[in-house]
Amino acid sequence: MFAQSVFRTRCAGWLSAIGILLLLSGCAEETKPSTLERIQAEGTLRVITRNSPATYFEDRNGETGFEYELVKRFAEDLGLKLEIQTADSLDDLFSSLKKPDGPVLAAAGLVSTPGRSQSALFSDEYLQVTPQVIYRNGQRRPTGPEDLIGKRILVLKGSSHAEQLAALKLQYPELNYEESAAVEVVDLLRMVDEGQIDITLVDSNELAMNQVYFPNVRVGFDIGEAQKLAWAVAPGEDHSLLDEVNAFLKRAKDNGSLQRLKDRYYGHVDVLGYVGAYTFAQHLQQRLPRYEKFFRDAAQAHKIDWRLLAAIGYQESLWQPGATSKTGVRGLMMLTLRTAQAMGVSNRLDPKQSIVGGAKYIVYMKEQLPESIQEPDRTWFALAAYNVGSGHLEDARKLTKAEGLNPDKWLDVQKILPRLAQKQWFSKTRYGYARGGEPVHFVRNIRRYYDILTWVTQPQLEGTQFAEGNQHVPGIDKRPQPPQTTPL
Ligand code: BLG
């Protein structure tokens, strides 16, 4: 009896103690805000990234970069202010993420490797990249891991590439490599370009962004499978922010905005090919300086962006004033005789006159367009009209409308334009046959050149020339260099 009651009392005591504990922990659970709630209360999304052309940098228009633009949209969706910090190295990035008052999210082109699962929790992927072995043109091309033995190899400290080389060294003990926390991807590529090292490893997207700056670097071989880039939060965090990130990435995939961003930053190598990208880099150095002032002056006089005008000139003639097509279209801006006369150009082979004529004509083409076409599409339509003529463009717009698509959207009209070369379609149009595929390539290429020119003309380059022998770019040879706001 006694024992039983003692048992009961004790039991009741235990039970109430557990109850209180449960209650307390329940209360604590209720009062402790989730990571997302904490961020929302703060009103600011603190993000850590790397200062590099593939992630985050500043150009003449301010902050930019693939990661920056994507994370900015994420912050906007959440109604938060965005605060960007840059890490000195990858180790620094992961340790900052763990600090209680540190950044809450890393958006830095990070590969979610198994080795990093201790350092961070990764989101779903937003980009697939392939790690590539980079060597200098003129050297023997490495085609497999055994070709790396005996080479001077440098990679970023703490990078997925360092992990890959460590794994490879188990198989090839003679393989030697170094890691450095004092460099960024652009430095590695520059070192290969200049012959200071033989080999580096970078991700395909980073090469795509940088190819134009380093015309001598080449891909030896893809080292391993495609890998997934993801954003990351600190390992101890709850999943509230990560869930929000994943929902955002899914939306960006579904509505096509992620693809558009990828095309803008990384698509030019797909469009131009590697040969095209480094030929462009060479011409940027060798040819553009001769005509840059003409582009700038004509653009200023006609209130357009000089880099767009320069991009047209490159597409038309590769910046060659004596260019002539089979059909007798001539000069740096490839004016037809009729256009030249209408624009007051007496000598199409004079680069200055040609550029002024081209500037006038593109502005005129823009003015001809209906009000309903908004920027940036307006610029793409004007470019198409420059190439194919406004009559044929109008035909394509009508066909686009008849298909139930939007005649004011370049994305829709460019699908229809090639039909102008097919009888079943052009026979229904006012102006008839045209090589409708040509303006589609024309616009696509110009957009790439324009993007690249935008990256390489940074604030400190404004008002200066890409003059040969002009050492105006800090820290690098005569080539334009992506800006480095923080030395890494
Ligand atoms: C353009 C004219 C348009 C003209 C179209 O042709 O030339 N643009 C310029 O002169 C700047 O004015 O439109 S139209 O007046 O309404 O007829 C259509 O005739 C030039 C194009 C032609 C193209 N490049 C500028 O983009 C060209 O040279 N094609 C020849 C290719 S091939 O090498 O001869 O095959």
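Here, every reference points to the structure presented above.
Per-chain numbering applies: the sequence of each chain, read as written, is numbered from 1 onward. Side-chain atom pairs in this predicted model are given and counted only at pLDDT of 80 or more, local residue features only at pLDDT of at least 70, and totals for whole chains, interfaces and linings cover all residues. Side-chain calculation: all heavy atoms of the structure are included, whereas hydrogens and water are not.

J.: Give a detailed account of the overall build of the protein, specifying residues and quantitative values.
T.: Across its full length, the protein carries 18 helices and twelve strands. Using a 1.4 Å probe on the protein chains alone, a residue whose accessible area is under 20% of its type maximum counts as buried, one over 50% counts as exposed, and one in between counts as partly exposed. Burial statistics for the protein: of 488 residues in total, 52% are counted as buried. The long-range share in the protein, meaning contacts at least 24 apart out of those at least 6 apart in sequence, stands at 70%. Here, Shrake-Rupley sampling with a 1.4 Å probe gives the accessible areas, and only protein chains in the shown set may cover a residue. Surface exposure of the protein reaches about 22,800 Å², of which carbon and sulfur atoms provide 51%. The numbering of helices and of strands both runs from the N terminus, where a helix is a DSSP run of H or I of at least 4 residues and a strand a run of E of at least 2. By definition in these notes, contact holds between two residues if any of their heavy atoms fall within 4.5 Å.

J.: Can you break down the packing of aromatic side chains residue by residue, with the values?
T.: Pairing of aromatic rings covers Phe, Tyr and Trp, the last through its six-membered ring, and needs centres within 6.5 Å; plane angles under 30 degrees mean stacked, over 60 mean edge-to-face, and all others mean tilted. Within this structure, the stated rule accounts for 17 aromatic pairs. An angle of 25° between the planes, with centres 6.2 Å apart, marks the rings of F66 and Y126 as stacked. One end of the pair, F66, is in helix α3 (residues 66-78); the other, Y126, is in strand β6 (residues 121-129), with 60 residues separating them in the sequence. Across the pair, Y126 and F66 agree in class, each one buried.

J.: An account of the site of the ligand is requested, with residue identities and associated values reported.
T.: In the region of the ligand, 18 residues are neighbours, and E316, T336, R338, Y361 and Y386 sit closest. In protein, a polar contact means a hydrogen-donor-capable atom and an acceptor-capable atom, both N or O and within 3.5 Å, with residues adjacent in sequence counting only if both atoms are side-chain atoms; elsewhere, any N or O pair within 3.5 Å suffices. In this structure, T327 approaches the ligand through a side-chain N or O atom, which is 3.2 Å from an oxygen atom. Contact between the ligand and Y361: an oxygen atom at 2.5 Å from a side-chain N or O atom of the residue. Relative to its unbound accessible surface of 720 Å², the ligand loses 77% to contact with the protein. Contributing elements (two or more residues each) for the shell around the ligand: α12 (337-342), α14 (377-388) and α18 (437-456). For the shell around the ligand, the leading source of residues is α14, giving three residues. Note on residue categories: nonpolar means Ala, Val, Leu, Ile, Met, Phe, Trp, Tyr, Cys or Pro, charged means Asp, Glu, Lys or Arg, and polar means any other residue, Gly included. Looking at the shell around the ligand residue by residue, the class counts come to seven nonpolar, six polar and five charged. For this description, a residue counts as near a given molecule or strand if any of its non-hydrogen atoms is within 4 Å of it.

J.: I'd like to hear about empty space enclosed by the protein, residue by residue, with values.
T.: In this analysis, the protein atoms alone were mapped onto a 1 Å grid. Cavities are point sets where a 1.4 Å probe fits without being able to get out; pockets are open sets with protein on both sides within 12 Å along at least five of seven lines; lining residues have an atom within 4 Å of a point. Grid points are joined across faces, edges and corners, and a volume is the space filled by probe spheres set on the points. Counted under the stated rule, the structure contains two cavities of 30 Å³ or more. Roughly 110 Å³ of internal volume is contained in the largest cavity. Lining the largest cavity we find 16 residues, and of these R50, S159, H161, D203 and E206 sit closest to its centre. For the lining of the largest cavity, the per-class residue count stands at eight nonpolar, four polar and four charged. Volume-wise, the second largest cavity comes out at about 80 Å³. Lining the second largest cavity we find twelve residues, and of these S89, L90, L156, V183 and E184 sit closest to its centre. Broken down by class, the residue content of the lining of the second largest cavity amounts to six nonpolar, two polar and four charged.

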